[in-house]
Number of protein chains: 2
Amino acid sequence: MQTIRVNLGPRSYDIAIGHRETGFAKFVRERVPNVSKAIFVADENTRLHAEGLAAELGGESVAVVPPGEESKALTVAARLYDQLAELAADRQTLVIAVGGGVVGDLAGFVAATYNRGLPLVMVPTTLLAMVDSSVGGKVGINLPQGKNLVGAFHQPVAVWIDSAFLDSLPDREYRSGLAEVVKYGVIQDAEFFRWLEANADAVVRREQVAVQYVVAWSCRLKADVVERDEREETGLRMVLNYGHTFAHAFEAAGGYTGWLHGEAVAAGMVCAARLSERRGLIQGEVTARMVELLRRFGLPTVRRAEWDPEALLTVMRRDKKSIAGRMRFILPTQLGRVAAFDDVPEAMVREVLAAP
Amino acid sequence: MQTIRVNLGPRSYDIAIGHRETGFAKFVRERVPNVSKAIFVADENTRLHAEGLAAELGGESVAVVPPGEESKALTVAARLYDQLAELAADRQTLVIAVGGGVVGDLAGFVAATYNRGLPLVMVPTTLLAMVDSSVGGKVGINLPQGKNLVGAFHQPVAVWIDSAFLDSLPDREYRSGLAEVVKYGVIQDAEFFRWLEANADAVVRREQVAVQYVVAWSCRLKADVVERDEREETGLRMVLNYGHTFAHAFEAAGGYTGWLHGEAVAAGMVCAARLSERRGLIQGEVTARMVELLRRFGLPTVRRAEWDPEALLTVMRRDKKSIAGRMRFILPTQLGRVAAFDDVPEAMVREVLAAP
């Protein structure tokens, strides 16, 4: 069992990473000694596992939500509020999210807002949730008008990662998670990027040692960013959005059923790198290495041909990072380093989107 | 115009207190220089005023919610989310609450959660909102199962108080607000309590100088507590709940339509003082002075005779401050000072409730 510390002063916490480790109850009780009771939140896919952990912790209750993005909704949050009220939850009642990003974001939002904040434990079960959404405190739900429009910053008190979940994760979902892993290399750590290039086959084969290293190092890199800008106030945390302005447009173009988030991020990162080339910030070789690595991970690197560049551009202009209608891009300036630019001509973005 | 500073590090803000002062737009723009647009939230009673302020700020939009406690609901919050989405709100979009506690709590909760937090300006229009709910960052909505069960801590960036609103406030509402004012004297400031005794008639007549002093000093006293325990973590902020465990039971007994919050707090404070007497912490003279002052303010000092003490006790056991079912009370140890006690025998509480 490996432990990674996220240093956020009074809100610091540990991420435990292991493979079929026992000791979940002990791990939780050490970190939340005053816990009065707990509610597990799971979906149909993770329900059995949540029930197992609940039994280990001493017969706590399990709330099950439908699987899929539709559960990140106010109506589903309202049902969880009801269940907390039925339990007579107090401020010592623990919320434990067992699942992927949807369950974590939803349960996290409910924990952030019930009684003005309940302690939250994350048990991510997908690669994407392990390396991204369960670390850093962003929680939220969707509105019909947009994803994650309602949310909060609410750090967990602990994160428990069992990499055994990855053994049975559908291939496409596993590969999708790897896109965010590649991202950490590109934005923060050229050495990690090189490690991924050298070990791509082992990673794809999900060899235990390689997988654990990928998860642990990604968590460490994300924590480094979150520690320096917990609430997205200094602009530093924005580097995590590398490739995401393009990605959100790809997701929207596919009606959120076309590409998985990681697939959209993969192609989005390549677009941002090409933008960086055109701005003269990097050489084509950097982009070529990204494209090669993403391909080995079975990820797309260009938009689907049927998506109209002009329509994609319209979505991008509405991006949350836009200020007064001007798009802001995170662009690589070398492998392992990025910076924010808000003076990219729209024509340049159009060219990149239109490229085959 | 008088200004009170609430010192909370990066979340510090000013409370401006005046009487028909102009300069609202300047006050806001000085504090939120990057504001892109604003949405005012008001109810039917404060709509006109909100429209006036909106015009002053440059034609911003006004969202109107039904008056009354029923608006502190998820469904009403959802409508405000929709309006923010329609406005294409970004993180620089300001939410400005113009109204009493309901509007402030609701708009504050929406501001706390939309886009993970929008800047919030409070324009309280009732005495209770001026001296209590608009200062300190507690925002929230009700569930059918209980009041304020869903919420957050979200400090405003500024509070603008125009005491002219108090000139037209219904008498009962004005007097209800005075209960929280008396509370600050009892829990924190014996000198202020004596001032209230000496100036009770001027306060009841709503003489401008007296009213402004009451508002300003109450805000200062509440800020002192909030500054030392912003998120109710050290237990210190709990002193503000003096009288409230009893009060919540009185409000519930009246089906939330019997007593106003301040009326319930008035009688609740007297109950807590009698408990303190029985514990031997204070002399009967302290309670007698409280009863006298509250009566001069036209506030109740004993429960309504038809409310069954046993039923009240049942509600009190469910109080949020209870830990493992044990009630916790804030009790005066002398005029101007209180402490928390969780070892009060239930029989003693029953006696106090049963006393005529």
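Description of the structure in this document.

1. Quick notes on the relation of the copies chain A and chain B
Note: a rotation about an axis with an accompanying shift along it relates these two copies of the chain. Least-squares fitting of chain A to chain B yields an RMSD of 0.0 Å, with the transformation described by 0.0 Å of translation along the axis and a rotation of 180°. Taken together, the rotation and translation relating the two chain copies correspond to the operation of a two-fold axis. When C-alpha positions in chain A are compared against the rotation axis, the closest is assigned to Leu74(A), at 4.1 Å. Comparing interface residues between copies, 100% of those in chain A also lie at the interface in chain B; the contact surface is shared.

2. Some words on helix α11 (residues 261-278) of chain A
Residues that lie three or four places apart on an α-helix share one face, since the helix turns once every 3.6 residues. Residues and elements named next belong to chain A. In this model α11 runs 26 Å from its N-terminal to its C-terminal C-alpha over 18 residues, within 8% of the 26 Å that 1.5 Å per residue would give. By the criterion of burial, α11 is predominantly enclosed, with 14 of the 18 residues buried. In the segment just after α11, Gly280 is the residue with positive phi, at about 75°.

3. Brief notes about helix α8 (residues 190-198) of chain B
Residue and element names in this part refer to chain B. Among the residues of α8, Ala190, Phe192, Phe193 and Leu196 are the ones counted as buried. Down the axis of α8, the smallest arc covering the buried residues is 160°, so these residues share one side. In α8, the exposed positions angled more than 90 degrees off the buried face are occupied by Glu191 and Ala198. Buried positions along α8 lie against α7 (171-188), α9 (200-204), α10 (208-228) and α13 (284-296). With a side-chain oxygen lying 3.1 Å from the backbone nitrogen of Glu191, the N-terminal cap of α8 falls on Asp189.

4. Considerations on the sheet that holds strand β3 (residues 38-43) of chain A
All names here are of chain A. Strand order in this open sheet of seven strands is β1-β2-β9-β6-β5-β3-β4, and the pairing throughout is mixed. The two strands at the open ends of the sheet, each matched to only one other strand, are β1 (2-6) and β4 (61-65). Between one strand axis and the next, the sheet turns through 20° on average, direction left out of account. With five bridges connecting them, strand β5 (residues 94-99) and strand β6 (residues 120-124) associate as parallel partners. Residue pairing in the sheet places Val98 in a bridge with Val123 of β6. Sheet contacts for helix α1 (residues 24-31): β2 (13-18), β3, β5, β6 and β9 (158-162); angle to β9, the most-contacted strand, approximately 165°. Its contacts with the sheet put helix α3 (residues 74-86) on β3 and β4, and the angle it makes with β4 is roughly 165°.

5. A word on the sheet that holds strand β2 (residues 13-18) of chain B
Residues and elements named next belong to chain B. Taken together, the seven strands give an open sheet; going across it, the order is β1-β2-β9-β6-β5-β3-β4, and neighbouring strands pair in mixed fashion. What marks the edges here is a single partner per strand, and that holds for β1 (2-6) and β4 (61-65). Neighbouring strand axes in the sheet, compared pairwise and without regard to direction, differ in orientation by 20° on average. One ladder, built from five bridges, connects strand β3 (residues 38-43) with β4; its direction is parallel. Bridge pairing in β4 places Ala42 opposite Val64. Seen against the sheet, helix α2 (residues 47-57) touches β3, β4, β5 (94-99) and β6 (120-124) and runs at an angle of roughly 165° to β3. Lying on the sheet, helix α3 (residues 74-86) is in contact with β3 and β4; it crosses β4 at an angle near 165°.

6. A few points about the interface of chain A and chain B
With 24 residues of chain A at the contact, the number on the chain B side is 24 residues. Buried area between chain A and chain B, both sides added, is near 2,500 Å², and the carbon and sulfur share of it is 51%. Inspection of the chain A/chain B interface yields two salt bridges. We note a salt bridge from Arg91(A) to Glu232(B), for which the minimum N-O separation is 2.7 Å. Between chain A and chain B we count twelve residue pairs in polar contact (both at pLDDT 80 or more) in total. Put simply, the parts of the chain that give the side of chain A that touches chain B at least two residues each are α3, α4 (101-113), β7 (138-143) and β8 (146-153) of chain A. Across the side of chain A that touches chain B, the residue classes break down as 13 nonpolar, five polar and six charged.

Definitions and cut-offs
- Residues numbered from 1 in each chain as written.
- Chains lettered and ligands numbered in written order.
- Predicted model: local features only at pLDDT ≥ 70, side-chain atom pairs only at ≥ 80, totals over all residues.
- Heavy atoms only, no water.
- Least-squares fit on C-alpha atoms with pLDDT ≥ 70 in both.
- Contact = heavy atoms within 4.5 Å.
- Helix = DSSP H or I, 4+ residues; strand = E, 2+ residues; numbered from the N terminus.
- Expected span 1.5 Å × (residues − 1).
- Buried < 20%, exposed > 50% of the residue type's maximum accessible area, 1.4 Å probe, protein only.
- Arc of directions from axis to C-beta.
- Polar contact = N/O pair within 3.5 Å; in protein donor to acceptor, adjacent residues only side chain to side chain.
- Pairing = 2+ DSSP bridges.
- Axes fitted to C-alpha atoms, helices over the stretch in contact; angles between N-to-C directions.
- Buried area = accessible area lost by both parts, 1.4 Å probe.
- Salt bridge = Lys/Arg side-chain N within 4 Å of Asp/Glu carboxyl O.
- Nonpolar A, V, L, I, M, F, W, Y, C, P; charged D, E, K, R; others polar.

That's the geometry; what it means functionally is another story.
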